[in-house]
Amino acid sequence: MQDRYDVIVVGTGAGGATAAYVLTLAGARVLNLEAGRMLDPVKDFHTHTWPWELKFRGFGPPGEYDGLWKINEYTAHLYTNPRKDRYRSDPAFHWTRLRAVGGRTNTWGRACFRHGPLDFKTKSLQGFGEDWPIGYEDIAPYYDKVERLVGIVGAKDNYFNMPDGIYCGPPHKPRCGEVLLMERARKIGVPVLLERTAVLSVPYDGRPACHYCGACGHGCDVRARFSTLDAVIPKLRKRPNYTLRTNATVYQVLTDENGRAAGVSFFDSLTKEYYEVRSRAVVLAASTVESGRIMLNSRSRHHPNGIGNSSGLVGRYLMDSVKSGAVVGVLPLLKNRVREDEDGAGGAHVTIPRFNYNRKDNYYGGYFILCGTGFGRGVSSAGGITGWGAALKRQIRQEYGATLSLRAYGERLPDYHNYFEIDPDNKDAYGIPQVRFHWRESDNDRKMMEDMYGWMEEILRACGAERVVPYKKYLEPMGDATHEAGTARMGTDPKTSVLNPFCQSHDVKNLFVTDASCFVSLPGTHGITTLIMALAWRAAEYLAEQLRKGEI
């Protein structure tokens, strides 16, 4: 590493890699810090490993990963295990951390629907929450740029408040059960769209089309699904003005005598040695919680409550999607059918977008519904299997491939009382103070939940489900959807926000935060990854111009 850089970017996921990409191409000398290691897709992604080839059939040792839905025998080596690197929360918060180059883009859900005009102006256009200081028209050009970089397949549906994007290829064809869902749901006024996804249906930008092994959630060893590890970092490493430093766990943003960002301090994750490195500007994109943790730990005489936190709002207004449990039905039309290879592009090829825009509900916001159907890899694909011996085998054979599962993800209203703070009595392996979470379910969450389950049952009935597997109505703990957002919200008033509309700190002009921390609201529409990238691209262009002018 050299002594001084133009910009230090913390994080190599969606927000970090995008900011580093834009700044590097603009000519800035960029140091990109990543807390984890470089991954080798061939060795680290067990994409083509069958469950019966693993000691614990993919689940891991009994009790080891229960309740940690993304962590299993396929992925445990990628994630930080919260039962070993502990944090406190009241009630339980599911904090999912993937410390490796590419971050959670290595295992994300890959849905790439745009957020529309109503999503940025919930107060003025929908009558609840708070408006963003920017609108769809401000971010649309950056969606264009991001979608060209990512490579998204989809169809132009002209669906309300879900603008069409730029697609490099056609959407993946629906499976048999998804065709049935599309036909039956339409009859009760529920729209079903083909998924707009970052899994290639055609070769693009030197990457091959998906070969349909169906294991995108475990990583992709051929680069057919987008990750910054595969599609952005390789472009950057060819540039002489870009430096990637792995195994660098950032502790604090350093400041100069005027209270401006002067660089960062970090620990080598392998040796635990302490380092400091200097720069003209700092970009935090370590993920919503990690970026906030760095800011709150960056205390000095200029910033006694943490850097950029004069408003006291860093860590506040923590949001995550309101996520229901799954509802599963057995469809007689699909029972005992011929087994076919329906693995597809990992996850669903169709989706149910928010569809309550013209309805009068007793709650604010909306939600989308993800579906699952087809011949999955495990016995769990059968609809609530019971019994023993011959009867059990018969039921599995009949119902394998005949189930349809639905799960809803909804809008969570920003709430000052949902937050994290520094936990001074709990430090990680490097001696860095950990965070402590506080959150609560709201009346709006619970009313939305009732509507979610009601409609999921209605959809299954419309599809002719002969029975619905018994379930309990509940919402997953916050964090379980892995859509954390909002803890350094953007705005125009430094008293009520942390960042300005360009993700720039109100307090510290050479500090930017380009992950989901800047969100003002978390819409009940699909995915936030390409929105994070679009916001990061816009912020990085602004920062590059400020550097060029000498204003930073």
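This one's a predicted model, so the numbers in the text were calculated from it and none came from an experiment.

Trainee: Explanation requested: the overall build of the protein in the structure shown.
Mentor: From N to C terminus, the protein includes 12 helices and 17 strands. Relative to its length of 552 residues, the protein is compact, with a C-alpha radius of gyration of 23 Å against a globular reference of 24 Å. For the protein, the spread of C-alpha atoms along the three principal axes comes to 75 × 50 × 45 Å. When each of the 552 residues of the protein is scored for burial, the buried share is 61%.

Trainee: How do you make sense of the pairing of strand S13 (residues 403-410) when you look at a structure like this?
Mentor: For a regular strand, side chains alternate in direction, first toward one face of the sheet and then toward the other. Among the 8 residues that make up S13, 6 are buried, leaving the element largely enclosed by the rest of the structure. Pairing of strand S10 (residues 327-330) with S13, which is carried by 4 bridges, proceeds in the antiparallel orientation. Opposite Val-327, over in S13, you have Leu-406 as the bridge partner. Pairing of strand S12 (residues 367-373) with S13, which is carried by 7 bridges, proceeds in the antiparallel orientation. If you follow Tyr-367 over to S13, its bridge partner there is Gly-410.

Trainee: I'm lost on the nonpolar core in this one. Help?
Mentor: Soluble globular proteins: nonpolar side chains tend toward being buried together. Counting residues in each nonpolar core, the largest one holds 108 residues, and the members touching the most others are Leu-23 and Phe-519. Formed by 36 residues, the second largest nonpolar core is a distinct cluster that contains Phe-113, Val-190, Ala-402 and Cys-463.

Trainee: What am I meant to see in the packing of aromatic side chains here?
Mentor: When we look at a pair of aromatic rings, we describe it by the centre distance and by the angle of the planes. Tallying each qualifying case throughout the model produces 25 aromatic pairs. Seen in terms of ring centroids, Phe-160 and Tyr-357 are 4.9 Å apart; in terms of plane orientation they differ by 75°. Their pairing is edge-to-face. Taken together, the residues Phe-160 in the loop between helix H5 (136-150) and helix H6 (176-187) and Tyr-357 in the loop between strand S11 (350-352) and S12 connect sequence positions 197 residues apart. Using a relative accessible area of 48% as the deciding quantity, one classes Phe-160 as partly exposed. Ring centres of Phe-267 and Tyr-274 lie 5.5 Å apart, and the angle between their planes is 65°; this geometry places the pair in the edge-to-face category.

Trainee: I tried to follow H5 on my own but got confused; where do I start?
Mentor: Spacing of three or four residues puts side chains on the same side of an α-helix, whose turn is 3.6 residues. The terminal C-alpha atoms of H5, which comprises 15 residues, lie 20 Å apart, in line with the 21 Å expected from a rise of 1.5 Å per residue. Of all the bends in H5, the greatest, near 25°, is centred on Tyr-142. Listed in full, the buried residues belonging to H5 are Tyr-136, Ile-139, Ala-140, Tyr-142, Tyr-143, Val-146, Glu-147, Leu-149 and Val-150. After H5 finishes, the residue Gly-151 shows a positive phi value of roughly 85°.

Trainee: What should I look at first to understand helix H9 (residues 288-297) in this one?
Mentor: When you tally the buried positions in H9, you get 10 out of 10 residues, the bulk of the element. Of the residues making up H9, those classed as buried are Thr-288, Val-289, Glu-290, Ser-291, Gly-292, Arg-293, Ile-294, Met-295, Leu-296 and Asn-297. In the core, the buried residues of H9 are packed alongside strand S1 (4-10), strand S6 (248-255), strand S8 (274-284), strand S14 (419-427), strand S15 (433-438) and strand S17 (511-513).

Trainee: I keep staring at the sheet that holds S14 and nothing clicks. Help me out?
Mentor: One key point about sheets: their strands pair by backbone hydrogen bonds, in either a parallel or an antiparallel sense. Overall, mixed pairing links the 3 strands, which are arranged S3-S15-S14 in an open sheet. Each having just a single partner strand, strand S3 (88-90) and S14 make up the two edges of the open sheet. Adjacent strand axes in the sheet meet at a mean angle of 30°, parallel and antiparallel pairs treated alike. Relative to S15, S14 runs antiparallel, the two sharing 6 bridges. By the bridge assignment for S15, Lys-427 is matched with Pro-433.

Trainee: I tried to follow the pattern of salt bridges on my own but got confused; where do I start?
Mentor: If you walk through the whole model with that rule in mind, you get 40 salt bridges. Here Arg-225 ties to Asp-230 by a salt bridge, and the two come within 3.2 Å at their closest N and O atoms. Neither residue differs from the other here; Arg-225 and Asp-230 are each classed as buried. The salt bridge involving Asp-423 is made with Arg-436; its shortest N-O contact spans 3.2 Å.

Trainee: What is the right way to read the pairing of S6 from this model?
Mentor: Here S6 lies mainly inside the structure; 6 of its 8 residues are buried. Of the pairings in the sheet, the one linking S6 to strand S7 (residues 261-268) comprises 7 bridges and is antiparallel in character. Looking at S7, one finds that Leu-254 is bridged to Gly-263. Remark: 5 residues form the turn of the hairpin made by S6 and S7, two consecutive strands paired antiparallel; Gly-259 in that turn has positive phi of roughly 85°.

Trainee: Mind showing me how you'd approach the side chain of Thr-75 here?
Mentor: With respect to the element layout, Thr-75 can be found in the loop between helix H2 (41-44) and S3. With sequence-adjacent residues up to four places away left out, Thr-75 is seen in contact with Lys-70, Gly-217 and His-218.

Trainee: Could you clarify how one ought to interpret the packing of H5 against helix H12 (residues 529-549) in this entry?
Mentor: For any two helices packed against each other, the geometry comes down to the angle between their axes and how far apart the axes lie. Following both chains from N to C, one finds H5 and H12 inclined at 110°, their axes separated by 8 Å at the closest point. With respect to each other, H5 and H12 are oriented roughly perpendicular. Each of Asp-138, Ile-139, Tyr-142, Tyr-143, Lys-145, Val-146, Leu-149 and Val-150 in H5 lies in contact with H12, whose residues at this interface are Thr-530, Leu-531, Met-533, Ala-534, Leu-535, Trp-537, Arg-538 and Glu-541.

Trainee: Got a minute to help me understand the environment of Asn-336 in this structure?
Mentor: Considering the arrangement of structural elements, one finds Asn-336 in the loop between S10 and S11. Between the C-alpha atom of Asn-336 and that of Ala-402, which follows or precedes it by 66 residues, the distance is 7.8 Å. Apart from residues lying up to four places away in sequence, Asn-336 is in contact with Arg-397 and Gln-398.

Trainee: I would appreciate a short explanation of unusual backbone geometry in the present structure.
Mentor: In terms of backbone geometry, most residues other than glycine have negative phi values and most peptide bonds are trans. The omega torsion across Asp-90 and Pro-91 is -5°, close enough to zero to call that bond cis. Relative to the assigned elements, Pro-91 resides in the loop between S3 and helix H3 (117-120). Unusually for a residue other than glycine, Asn-161 sits at a positive phi of about 60°. Considering the arrangement of structural elements, one finds Asn-161 in the loop between H5 and H6. With a phi close to 55°, Thr-482 is a non-glycine residue in the positive phi region. For Thr-482, the location among the structural elements is in the loop between strand S16 (467-468) and S17. According to the relative accessible area criterion, Thr-482 is buried, its value standing at 11%.

Trainee: Is there a simple way to explain the state of the cysteines in this structure?
Mentor: Note on terminology: a disulfide is the covalent bond linking the sulfur atoms of two cysteines. For the coordinates displayed, the defined rule picks out 0 disulfides. Free cysteine Cys-112: the closest other cysteine sulfur is in Cys-168, separated by 10 Å. Considering cysteine sulfurs only, Cys-518 is the nearest to Cys-503, which forms no disulfide, with 3.9 Å between them.

What counts as what
- Residues numbered from 1 in each chain as written.
- Predicted model: local features only at pLDDT ≥ 70, side-chain atom pairs only at ≥ 80, totals over all residues.
- Heavy atoms only, no water.
- Helix = DSSP H or I, 4+ residues; strand = E, 2+ residues; numbered from the N terminus.
- Rg over C-alpha atoms; globule rule 2.2 N^0.38 Å.
- Buried < 20%, exposed > 50% of the residue type's maximum accessible area, 1.4 Å probe, protein only.
- Pairing = 2+ DSSP bridges.
- Core = buried A, V, L, I, M, F, W, Y, C linked by side-chain atoms within 4.5 Å.
- Phe/Tyr/Trp six-rings, centres within 6.5 Å; stacked < 30°, edge-to-face > 60°.
- Expected span 1.5 Å × (residues − 1).
- Bend = angle between axes of the 7 residues up to and from the residue.
- Contact = heavy atoms within 4.5 Å.
- Axes fitted to C-alpha atoms, helices over the stretch in contact; angles between N-to-C directions.
- Salt bridge = Lys/Arg side-chain N within 4 Å of Asp/Glu carboxyl O.
- Parallel < 35°, antiparallel > 145°, perpendicular 65-115°, else oblique.
- Disulfide = S-S within 2.5 Å.

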